[in-house]
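Chain residues, written in single-letter form:
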Amino acid sequence: MWGALAVRTALADGTVVGLERPLALVALPVAIGLFVLLVRYRASGTAAPRSRRLLLASRITLATLLVVAAAGPFTVVTTETRGDPSVSLLADRSNSTGVSPAVAEDLASDIESEGVPTTVSTVGQGTNSRIGDGIAANLRENGSIVVVSDGQVTGGQPLSETAEFARSLNATISAVSPAPTRTERYVTLAGPEKTSVGVESRFLVRVAGVQADAPVTVRIAIDGTPVATERLDEGTGSVPVTHTFSDTGTHRITAEIDGDDVYAANDVVRGTVRAVEQPRVLYVSRGDYPLRSYLDQLYDVETTDSVPADLDPYYAVVVQNVAADDLGNVDELQQFVIDGNGLLMAGGPNAFENGGYANSSVASMLPVTLGESTPGSARIVMLIDVSGSAVNGMRVQKGIALDAVSQLSDDNTVGVVGFNHEAYSVVQPAPLSENRATVEDRIRRLQTSGATDIATGLRGAEEMLDGERGTIILISDGGDTESPSAVVANALGRQGVRVITVGAGRAINEDVLRSIARESGGNYFAADETDRLRLLFGGGSRQFEGEGLTVVDPGHFITSGVTLESNPGRRNDVSMRPGADFLVAGPDGTPAVASWRYGLGRVATITTYDESGGLDGLLQQPDSLLVTKSVNYAIGDPERKATGVTDVPDTRVGEPTTVIYRGDTPPSDTDLQFRAVGDGVYRAETTPPTAGFHTVAGATYAANYPAEYAGFGTSPALTDAVRATGGQQFDRGDAAEIAAFARQQATRVRDVRRSWDWALLALALLLFLTEVVVRRLQVYQGRTRTESGLP
């Protein structure tokens, strides 16, 4: 059961000693007891007391050696290895580096003049910037490479993954990133892919670049008609555009800049937005609330005082402050959601616990349960990354771990597991009221070593939970892309164990941590958001206290980009259902907005309201975005019920895009090869060869300039990779410094792990053979006549 939880301790000289399978020691007293009985039975009356004592001591020693060997003893010793200094210079010659001077050849010559052999290899050309792949291909164990690049990766593995690979080899990545000397701008466009006719849509045109301080003019057109022209005096910046479409269909948006720079391809960006009829929404309420008028501005709304028997025409149902007995056809509503539609339940004095929901089948559909929440009594495992990738930020990680513990109430049962490429039991689970000081002390004593394997850490935390439901709070930099951490997290979620991830360290891979949290049904918190743990585990001794509504999960569709300023003042008495998404909390930490998937559909709840039962300031900007996104979440795809519709997302030149067709049979007037992926749903792929607007299967999409022209200057990802592997950032004239670093790196310090089970087994065998020989000699020399050989 506990094979994944090793134990270890550090000696005064820095040597780490430990056991891989400490539970094997449980067999030691059993083995000793058996030997005692055996010696007493076999030697009783036939051997002298001194002989029996010697035999017993031998057998106990033998048993101890065997059991300790089974426990897997190991040591980790820091050693030095020496080698000949050399420099592997990797030159990025892709187009994004064209804004900076070429320095690779001159730099290589200068390094060799310092007496260090240097090789130059190319890792990027033209629009192909697979820098991560190029670095990984040149990494060697205990080696060091210097990459001359801006770090703008456009394909292959990300630099965070390359850095993790380098750490596993005990290798370093250093970089020379020449500063841009030429002017280059690029323009991007962000906005919705779909919108409703008659509803104002918002788009953002952004101009960025390097050495771009001269004024630039931005021109924006929709369907060929100019809609905005703006001058950016600083040379870069953003231009917001709002537009209301009056016709259904695909509309073309173009944004263009002028100015003299290196590349013209990225001076224009294109986008498409599909305008559809306003989705039909059913609003169910027995009161006159402002929410009805608000919805009418955005959707095709029908109003009723109870749920009818036929919900097929609607995409979502919005229920506000209706008691269970007055809801109407709840069974139809339940089937409606299961079949892939949506539900938004807005609370009030007649809803949830006040409306008899607990005795209705509607309760099973909701992401919240009824009645007072009882946070602070959970079973929690703190899972702390102590791998080599955490070494530079370990002080920060310890601080964050201690801060996270401070948010947990005394009623929580908490254990601690540390992990690198293995998992280590640090503190066994116990109520914090009993072991808070122990937990904090053991966290402060943690030391770093080894590679990162989050999946192994998750399995170790799972074993500490011992088959019980609970929560794992993972504190890590996420520097692990090779282990199946998301797969393990998904399995944990199915077992009722959610993983809350906290990003900690200097180079945080948020994608990995968010994926782990998402797969298990947990949340991701940044390092400065650990106070939100009080919302989940605060309890009486650590109760959350706020001044208004607090966004708990800013990465969710409903809450992303949302700013909350209002506080309706009242809340229904609900608590979170396991597996649901806790999105917004009230001032006392109780759920105000929650969501989850029910069947194929989506359900969201808003359980905060004002004295009149309405939503008060939530319908005013900027809070109103929360309500809009909650309804949009319930609606989902506003064209999912339409047939004969083709969807094609915008893409870039040379990058494939997916063509989705909904209908009885796929289009026949195209060369695309469609394949069925569902009932009446067909999929194909197409790759545009040129930039511009393209039409396929009756749908229009935009193909923009290659990603190579969408980023200039040193990428933060390259800086993070250098820092994470212990490398250095050099300037173009630092040939002597690079040579000195190469000489330093030729002498490497690394952790060497040795297993000692073989040595103990050899000692046990030697002891046994020595005993047998001694006893045989006793018989041979006539000192005893007993068969055992004991005098």
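No experiment lies behind these values; they were computed from the predicted model shown.

**Student:** Go over the overall build of the protein with me, naming the residues and quoting the values.
**Tutor:** The helix and strand inventory of the protein stands at 17 helices and 42 strands. Projected onto its principal axes, the C-alpha positions of the protein cover 115 × 80 × 55 Å. A total of about 34800 Å² of accessible surface is found on the protein, and carbon and sulfur atoms cover 48% of it. One finds the centroid of the 66 positive side-chain charges in the protein at a distance of 13 Å from the centroid of its 96 negative side-chain charges.

**Student:** Before we move on, could you go through the sheet that holds strand 17 (residues 300–304) and cite the residues and values that matter?
**Tutor:** Judged by pairing direction, the sheet is mixed, and its eight strands sit side by side in the order 17-16-18-19-32-31-30-27 without closing on themselves. Across the chains shown, the open sheet's two edge strands, defined by having one partner strand only, are strand 17 and strand 27 (550–551). Across the sheet, helix 14 (residues 624–635) touches strand 16 (280–284), strand 18 (316–320), strand 19 (342–346), strand 30 (581–585), strand 31 (591–598) and strand 32 (601–606), and the angle it forms with strand 32 is around 155 degrees.

**Student:** Could you give an account of a nonpolar patch on the surface, naming the residues involved and the relevant values?
**Tutor:** Side chains of Leu765, Phe768, Leu769 and Val772 sit close together on the surface and give an oily, nonpolar patch of about 340 Å² of accessible area. By secondary structure assignment, the location of Leu769 is in helix 17 (residues 757–780). Judged by its relative accessible area of 45%, Leu769 is partly exposed.

**Student:** Can you explain the layout of surface pockets? Please cite residues and give values.
**Tutor:** Volume-wise, the largest pocket comes out at about 1700 Å³. In terms of lining, the largest pocket is formed by 46 residues, of which the most central are Tyr299, Phe557, Thr628, Lys629 and Asn632. Breaking the lining of the largest pocket down by element, the ones donating at least two residues are strand 9 (194–196), strand 10 (200–210), helix 7 (330–338) and helix 14. In terms of residues, the lining of the largest pocket owes the most to one element, helix 14, which gives seven residues. Along the lines of polarity and charge, the residues of the lining of the largest pocket split into 17 nonpolar, 16 polar and 13 charged.

**Student:** Go over the pattern of salt bridges with me, naming the residues and quoting the values.
**Tutor:** Under the criterion given, the structure shown has 19 salt bridges. With a closest N to O distance of 3.2 Å, Asp637 and Arg662 form a salt bridge. Taken together, the positions of Asp637 in the loop between helix 14 and strand 34 (645–647) and Arg662 in strand 36 (residues 657–662) put the pair 25 residues apart, joining distant regions of the chain. The partly exposed category is assigned to Asp637, whose relative accessible area is 23%. Asp647 is the partner of Arg662 in a salt bridge, and the nearest nitrogen-oxygen pair spans 3.1 Å. One end of the pair, Arg662, is in strand 36; the other, Asp647, is in strand 34, with 15 residues separating them in the sequence. Overall, the relative accessible area of 19% leaves Arg662 in the buried class. A single salt-bridge network, built from bridges that share partners, covers Lys194, Arg274, Asp637, Glu639, Asp647 and Arg662.

**Student:** Any details on the nonpolar core? Residues and values, ideally.
**Tutor:** In a soluble, globular protein the nonpolar side chains are often hidden away together inside. Ranked by size, the top nonpolar core spans 34 residues in total, and within it Leu291, Leu295, Tyr299, Leu564, Val584, Leu618 and Leu626 carry the most contacts. Counting residues per element, this core draws most heavily on helix 14, at six residues. Beyond its immediate chain neighbours, meaning those up to four positions away, Leu564 contacts Leu549, Val551, Val584, Leu618, Asp623 and Leu626.

**Student:** With reference to specific residues and values, describe the sheet that holds strand 7 (residues 172–176).
**Tutor:** With respect to topology, five strands assemble into an open sheet ordered 5-4-6-7-41, the strand pairing being parallel. Each having just a single partner strand, strand 5 (118–126) and strand 41 (729–730) make up the two edges of the open sheet. Sheet topology note: the strand 4 (residues 87–94)/strand 6 (residues 144–148) ladder contains four bridges and is parallel. Within strand 6, the residue paired with Leu90 across the bridge is Val147. On top of the sheet, helix 16 (residues 735–745) reaches strand 4, strand 6, strand 7 and strand 41; it is set at about 180 degrees to strand 7, its chief contact.

**Student:** Describe the packing of helix 11 (residues 485–494) against helix 12 (residues 510–520), naming the residues involved and giving the relevant values.
**Tutor:** Interaxial distance between helix 11 and helix 12 falls to 7 Å at its minimum, and their mutual angle equals 25 degrees. The pairing of helix 11 with helix 12 is recorded here as roughly parallel in orientation. Seen along the crossing, helix 11 lies across helix 12 with a hand that is right-handed. Judged by residue contacts, Ser485, Ala486, Ala489, Asn490 and Gly493 of helix 11 engage Val512, Ser515, Ile516, Glu519 and Ser520 from helix 12.

**Student:** Describe a negative patch on the surface, listing the residues and the values that go with them.
**Tutor:** Negative charge collects at one region of the surface, where Asp106, Asp110, Glu114, Asp731 and Glu737 lie side by side. Considering the arrangement of structural elements, one finds Asp106 in helix 3 (residues 104–113). What makes Asp106 exposed here is its relative accessible area of 55%.

**Student:** So what's going on with the pairing of strand 32? Residues and values would help.
**Tutor:** Strand 32 sits mainly inside the fold: five of its six residues count as buried. Where strand 19 lies against strand 32, five bridges are found, and the strand directions are parallel. By the bridge assignment for strand 32, Ala346 is matched with Ile606. With six bridges joining them, strand 31 and strand 32 adopt antiparallel strand pairing.

**Student:** So what about unusual backbone geometry? Which residues, and what values?
**Tutor:** In this structure, the amide linkage connecting Gln621 to the following residue, Pro622, adopts the cis form with an omega of 5 degrees. You can see Pro622 is positioned in the loop between strand 33 (608–609) and helix 14. One non-glycine residue, Gln211, adopts positive backbone phi at about 50 degrees. Along the chain, Gln211 turns up in the loop between strand 10 and strand 11 (216–222).

**Student:** Account for the packing of helix 5 (residues 159–168) against helix 15 (residues 716–724), naming residues and giving values.
**Tutor:** Relative to each other, helix 5 and helix 15 sit at 10 degrees, their axes nearing to 9 Å. The angle between helix 5 and helix 15 places the two elements in the roughly parallel class. Taking contact as the criterion, the partners of Leu159, Ala163 and Arg167 in helix 5 are, on helix 15, Ala717, Leu718, Ala721 and Ala724. Taken together, the residues that form the contact of helix 5 with helix 15 break down as six nonpolar, no polar and one charged.

Cut-offs applied
Residues numbered from 1 in each chain as written. Predicted model: local features only at pLDDT ≥ 70, side-chain atom pairs only at ≥ 80, totals over all residues. Heavy atoms only, no water. Helix = DSSP H or I, 4+ residues; strand = E, 2+ residues; numbered from the N terminus. Areas by Shrake-Rupley, 256 points an atom, 1.4 Å probe, with all protein chains shown as cover. Lys, Arg positive; Asp, Glu negative; His and termini not counted. Charge placed at Lys NZ, Arg CZ, Asp CG, Glu CD. Pairing = 2+ DSSP bridges. Contact = heavy atoms within 4.5 Å. Axes fitted to C-alpha atoms, helices over the stretch in contact; angles between N-to-C directions. Patch = residues over 30% accessible without salt bridge, like charges linked within 9 Å, V, L, I, M, F, W, Y side chains within 5 Å. Salt bridge = Lys/Arg side-chain N within 4 Å of Asp/Glu carboxyl O. Buried < 20%, exposed > 50% of the residue type's maximum accessible area, 1.4 Å probe, protein only. 1 Å grid on protein atoms, 1.4 Å probe; cavity = no way out; pocket = protein on both sides within 12 Å on 5 of 7 lines; lining within 4 Å. Points joined across faces, edges and corners; volume = space filled by probe spheres on them. Nonpolar A, V, L, I, M, F, W, Y, C, P; charged D, E, K, R; others polar. Core = buried A, V, L, I, M, F, W, Y, C linked by side-chain atoms within 4.5 Å. Parallel < 35°, antiparallel > 145°, perpendicular 65-115°, else oblique. Left-handed = near helix turned anticlockwise from the far one by under 90°.

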